[in-house]
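Listed here are the chains, written in short residue letters.
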Amino acid sequence: MTTGPRGGLSPSAVTFENVSKHYGQVKAVNELSLDLPAGRTIAFLGPNGAGKSTSIDMLLGLKRPTSGRVRVFGKSPREAITSGQVGAMLQSGGLLSDVTVGELLTLMTKLHPRPLPVAEVLGRANIADIADRKADKLSGGQTQRVRFAIAIAGDSDLIVLDEPTTGMDVENRQIFWQAMKAEAERGKTILFATHYLEEADQIADQVIVINKGRLLANGTAADIKARAGFQRISFRLPGITRDQLLLLPNVVSLEVINDRVLIQSSDSDKTFYSILDAGHRPEEIEISALGLEQAFVAITKQDDDGADAFARTEGTR
C-alpha cells in the first residue's frame, strides 16, 4: 500500500523488491526497489542500456530475476497475467500475416480471460477505419496503434507500454495519447517507457528514472526537474566569447551559437547579475527552469560522473 494522490491509501500495482538481473558479469538491473501505486500513469525513463526493457520483461514474467522479487497486484507476474490483469505493448514482434486487423483482434479477445467487445477495442484504439486491412500491410504508426489495441483487448487493470509511439508521426502520437488518457480516466494503471521525454512531462503523474540498472529518481515531473537544481538562461549578446562567459559563477554548461548564449546555471540570479556587473547588457533575455528532458540529462550525467569517479578511486587502490 502507498499514499494515493488524494492522501488516502492506494494499493500497489507493481512492486520490485531488491530485484537484480545479471547476464554473466553484466548487471542489467541492480537491486532495484520500486512501489508503483494503482490508478496512476507512470513514465519509466532511462538512457539506452539502463535496464528499462529488462525490468519490463521481468514485470511481464518474460524473464526471471537473478535475485529479488517482482509482484503485480500482490501476485507473481505470471499469475497476474494469467488472470487477465495485465495488458502489454512491446517493441519486438510482428503482427500475424494474412489476417485483417479485425480478425486479429477477434482472436486476441477470445484468448483474453476478461475480453472486451472487438468493436469497443477498435474504437478505443482509434483504428476502426483500418479494421479490414491486412495486419502485416500497415504503416509503422498504424502497426503501433494495433499493438496498443492488443494491449487493451481485455479489461486489464495494468497496461504496460514499451516505447509505444516509436514510428508514429506527430498527429498519430497525439491521437494515441488521447486514447491513453481515456484509459487512465477509466482507472487503469499505465506504465510506459519512452524516449520522448515531452510525452512523460505532459502525460505522467509519476516519473521513474533508472540508470545503470539502479533507481535514480522517483517522483512527479516537477520533482525530477527540481532535483536537477539548474535553471536555463538564454540571451543575445553580440561579440561575447565563450571564454568570457566561462568565468561566470555557477555555470554548469554553456553554449554560444553566433550571438545567442545558452547557459545552464545552479544559481541563475548569481550568474545573471555577474553578467550585468561585468558591464554586459544582454538582450532578449529568458530565464526558466529546466524541462524534463534537460533535467533527465543532467541527473543521469551527474550519476555517470559519480560512478566514473568511484571507479577511478577503486582502481588506484
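Up top you'll find the structure we're talking about.
(A) Just the side chain of threonine 109, in detail. Positionally, threonine 109 belongs in helix 3 (residues 101–111). Residue classification places threonine 109 among the buried residues on the basis of a relative accessible area of 8%. The residues touching threonine 109, leaving out its near neighbours within four places in the chain, are Pro115, Leu116, Val118, Val121 and Ala153.

(B) A look at the sheet that holds strand 6 (residues 67–72). An order of 4-3-6 is seen for the three strands of this open sheet, with the pairing classed as antiparallel. Here the strands that pair on one side only, and so sit at the sheet edges, are strand 4 (26–37) and strand 6. Sheet twist, expressed as the mean angle between neighbouring strand axes with direction ignored, is 15°. Across five bridges, the pairing between strand 3 (residues 12–23) and strand 6 is antiparallel. By the bridge assignment for strand 6, threonine 15 is matched with arginine 71.

(C) Seen up close, unusual backbone geometry. The phi torsion at asparagine 126 lies on the positive side, around 60°, for a residue other than glycine. Examined against the element boundaries, asparagine 126 turns out to sit in the loop between helix 4 (118–124) and helix 5 (140–151). You will see that glutamate 284, though not glycine, has its phi angle at about 55°, which is positive. With respect to the helices and strands, the residue glutamate 284 is situated in strand 15 (residues 283–289).

(D) Quick peek at the pattern of salt bridges. In the structure shown here, the tally under the stated rule is 15 salt bridges. Between arginine 186 and glutamate 183 there is a salt bridge, with the nearest N and O atoms lying 2.8 Å from each other. Using a relative accessible area of 1% as the deciding quantity, one classes glutamate 183 as buried. Through salt bridges with shared partners, one network takes in Arg236, Asp259, Arg260, Glu283 and Glu284.

(E) Fine view of helix 10 (residues 268–277). Those residues of helix 10 lying buried are Ser268, Thr271, Phe272 and Ile275. Along the axis of helix 10, the buried residues cluster in a sector spanning 90°; they form a single face. Helix 10 presents Tyr273 and Asp277 as exposed residues on the side facing more than 90 degrees away from its buried surface. On its buried face, helix 10 is in contact with strand 12 (231–236), strand 13 (251–257), strand 14 (260–265) and strand 15. At the exit of helix 10 stands glycine 279, carrying a positive phi of roughly 90°.

(F) Spotlight on the sheet that holds strand 7 (residues 86–89). Taken in spatial order, the six strands of this open sheet run 7-8-9-5-10-11, and their pairing is mixed. The strands lining the two open edges of the sheet, one partner per strand, are strand 7 and strand 11 (214–219). Each strand axis lies, on average, 15° off the axis of its neighbour in the sheet, ignoring direction. Note that strand 10 (residues 206–211) and strand 11 share five bridges and pair antiparallel. Across the sheet, residue valine 209 finds its bridge partner in strand 11, namely alanine 217. Sheet contacts for helix 1 (residues 52–59): strand 5 (41–45), strand 8 (158–162), strand 9 (189–193) and strand 10; angle to strand 8, the most-contacted strand, approximately 150°. Seen against the sheet, helix 6 (residues 170–185) touches strand 5, strand 7, strand 8 and strand 9 and runs at an angle of roughly 145° to strand 9.

Quick notes on the rules
Residues numbered from 1 in each chain as written. Predicted model: local features only at pLDDT ≥ 70, side-chain atom pairs only at ≥ 80, totals over all residues. Heavy atoms only, no water. Helix = DSSP H or I, 4+ residues; strand = E, 2+ residues; numbered from the N terminus. Buried < 20%, exposed > 50% of the residue type's maximum accessible area, 1.4 Å probe, protein only. Contact = heavy atoms within 4.5 Å. Pairing = 2+ DSSP bridges. Axes fitted to C-alpha atoms, helices over the stretch in contact; angles between N-to-C directions. Salt bridge = Lys/Arg side-chain N within 4 Å of Asp/Glu carboxyl O. Arc of directions from axis to C-beta.

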